[in-house]
Amino acid sequence: MVFPPLREELRGLEPYGAPQLDVPVQLNVNENPYGPSPACVADIAEAVSRAAATLNRYPDREFVELRAGLAAYLTRDTVAAGFGIEPAQVWAANGSNEVMLQLLQAFGGPGRTAVSFAPTYSMYPEYARDTSTRWVQGHRAEDFSIDLDAARELVRAERPSVVLLPSPNNPTGTALPPAAITLLCEAVGDHGVVVVDEAYGEFRRSGTPSALELLPVHRNLVVTRTMSKAFAGAGLRLGYLAADPAICDAIRVVRLPYHLSAVTQATALAALRHTDELLGQVDALRAERDRTVVWLREQGLEVADTDANFALFGRFADRRAVWQGLLDRGVLIREVGPDGWLRVSIGTPEEMTAFREALVEVRRES
Ligand SMILES: *Cc1c(COP(=O)(O)O)cnc(C)c1O
């Protein structure tokens, strides 16, 4: 007998995770490079200190105040379409990764199927594996868009109970047109839920609508968001979703009791009070992204069109050598996606200058 007595399908597997290396320019995990202001830090500290005085008690299991705050924030994206998001439509957990795992726990499981379209976020098959959900991988076209006829066929053939669709997609940055979401929600029907993962939603180019606008039309649609990326709160671990209240109620069956600590709730609420400040650099990051894409193309490289705060570029005969060359010059990016491609997160102008200079040197030497 092998010790420890791990599930057969987990033996020999490595845990997911990008290298965490202490280098000057960190452009590998799509964080917002701008930290909170002293005023925001002080407000968080004050809120956490109040929560600390109550730590002998369990926190609000239903996180009512936080749901209201998140609903008000999401309503910014739906008010023009003439409706608001209600607190009963919101669910939250420790990062949207946990939200999506809970979705698989509630709607996946043995005998059920989850579908996504590769290349996409590499955690999705892991949620399926961890919940013993069958995993079926569709594919994307050469330009990383989804062929809608093929997608509908796949859904008809496999009858998934969960479809995972990031928009913008990671690692390619590709946003989904609303027509694609509608088509997939209709193809899936009441057999399953369609999860549109908008982790990078706030970075989308103007004119690209949020899937939130489709919530009144499709009761099987779930839109997930996170405070980790645009909201500059990766260390906070707070992800959330908006969906039909019946979907939120279903997740409550599988969540662990008191899964959101009093400290997390207090921190998230304080951060939400500083929404405008924390999102204040998003426009600058989008502009920097567009400049980075233009520059990379001027260098003769291929770059996927991107609505996110990163760019996928290539192709390199030996991408590992390019990644290592950049790292040797203090610039950490991500070796991810189809062979030959690399992904760079958008940092400050200074960080992007360091990236460009390092990349020019690495390519000159190879
Ligand atoms: C970063 C990311 C998330 C967010 O994860 P958190 O657990 O909220 O930090 C979700 N989906 C995708 C595709 C991501 O790249």
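Our subject is the structure that appears above.
About the criteria used
- For every chain, the first residue of the written sequence is number 1, and numbering continues from 1 along that sequence.
- With pLDDT at 70 or above as the cut-off, local features in this predicted model cover only qualifying residues; side-chain atom pairs require 80 or more to be listed or tallied, and sums for whole chains, interfaces and linings still use all residues.
- Water and hydrogen atoms were dropped before computing side-chain values, which therefore reflect all heavy atoms in the structure.
- Secondary structure follows DSSP: runs of H or I at least 4 residues long count as helices, runs of E at least 2 residues long count as strands, and numbering of each begins at the N terminus.
- The contact criterion used throughout is that any non-hydrogen atoms of two residues lie within 4.5 Å.
- Note on ring pairs: Phe, Tyr and Trp rings are taken, using the six-membered ring of Trp, and paired if centres are within 6.5 Å. Classes follow the plane angle, with under 30 degrees stacked, over 60 edge-to-face and the rest tilted.
- The buried label goes to any residue with under 20% of its type's maximum accessible area, the exposed label to any with over 50%, and the partly exposed label to all in between, with areas taken from a 1.4 Å probe on protein chains only.
- Charge-over-ring contacts are defined here by two conditions on Lys NZ or Arg CZ: a distance within 6 Å of the ring centre and an angle within 35 degrees of the ring normal.
- Criterion used throughout: strands pair if DSSP finds at least two bridges between them.
- Should a side-chain nitrogen of Lys or Arg be within 4 Å of a carboxyl oxygen of Asp or Glu, the pair is scored as a salt bridge.
- The criterion for a residue being near a molecule or strand is simple. One of its heavy atoms has to lie within 4 Å of it.
- Each polar contact in these results corresponds to two N or O atoms within 3.5 Å; when the atoms are within protein, one needs to be able to donate a hydrogen and the other to accept it, and residues that are neighboring in sequence are counted only if both atoms are side-chain atoms.
- Accessibility throughout is a Shrake-Rupley quantity obtained with a 1.4 Å probe, and a residue counts as covered only by protein chains that appear here.

Caption draft 1: Quick peek at the side chain of D307. Tracing the backbone shows D307 in the loop between β9 (302-303) and β10 (310-314). Here D307 is in contact with P168, G173, A175, Y200, F203, R204, R205, T208 and R289, once residues within four sequence places are set aside.

Caption draft 2: The packing of aromatic side chains, seen in detail. One pass over the full model with this rule turns up ten aromatic pairs. Geometrically, the ring pair formed by Y124 and Y127 is tilted, given 6.0 Å between the ring centres and 50 degrees between the ring planes. Pair noted here: Y124 and Y127 are both in helix α4 (residues 124-130), with a separation of three residues, about one helical turn. What makes Y127 buried here is its relative accessible area of 3%. Taken together, a centroid distance of 5.0 Å and an interplanar angle of 80 degrees make the contact between Y200 and F310 edge-to-face. Taken together, the residues Y200 in the loop between β6 (193-197) and β7 (221-226) and F310 in strand β10 connect sequence positions 110 residues apart. Each member of the pair, Y200 as well as F310, carries the same accessibility label: buried. One aromatic cluster is present, formed by Y16, Y121, Y124 and Y127 through successive ring pairs. In this arrangement the basic side chain of R67 is found over the ring face of F63, its NZ or CZ atom lying 5.2 Å from the centre.

Caption draft 3: View of unusual backbone geometry. The linkage connecting A118 with the following residue, P119, adopts the cis geometry, with an omega of 0 degrees. Assignment of secondary structure puts P119 in the loop between β3 (113-118) and α4. In this model, N170 is joined to P171 through a cis peptide bond whose omega is 15 degrees. Here P171 is to be found in the loop between β5 (162-166) and α6 (178-188). Positive phi values are uncommon outside glycine, yet N30 reaches one of about 60 degrees. One can find N30 in the loop between β1 (25-26) and α1 (38-52). Phi is positive for Y258, close to 55 degrees, though the residue is something other than glycine. Locating Y258 in the fold gives a position in the loop between α7 (245-254) and α8 (262-273).

Caption draft 4: Quick peek at the sheet that holds strand β12 (residues 342-345). Strand order in this open sheet of three strands is β9-β10-β12, and the pairing throughout is antiparallel. Because the sheet does not close on itself, it has two edges, and the strands there are β9 and β12. Here two bridges tie β9 to β10, and the two strands are oriented antiparallel to one another. Bridging across to β10, E302 finds its partner in G314.

Caption draft 5: The pattern of salt bridges, seen in detail. Under the counting rule described, the total for this entry stands at 31 salt bridges. Through salt bridges that share partners, D77, E198, E202, R204 and R225 make up one connected network.

Caption draft 6: Highlighting the site of the ligand. As a structural note, the neighbourhood of the ligand is formed by 13 residues, with S96, D197, Y200, T226 and K229 the closest of them. Taking S96, its main chain carries an N or O atom lying 2.7 Å from an oxygen atom of the ligand. S228 places a polar side-chain atom, nitrogen or oxygen, 2.7 Å from an oxygen atom of the ligand. Considering the ligand on its own, with 390 Å² of exposed area, one finds that the protein chains cover 94% of that surface.

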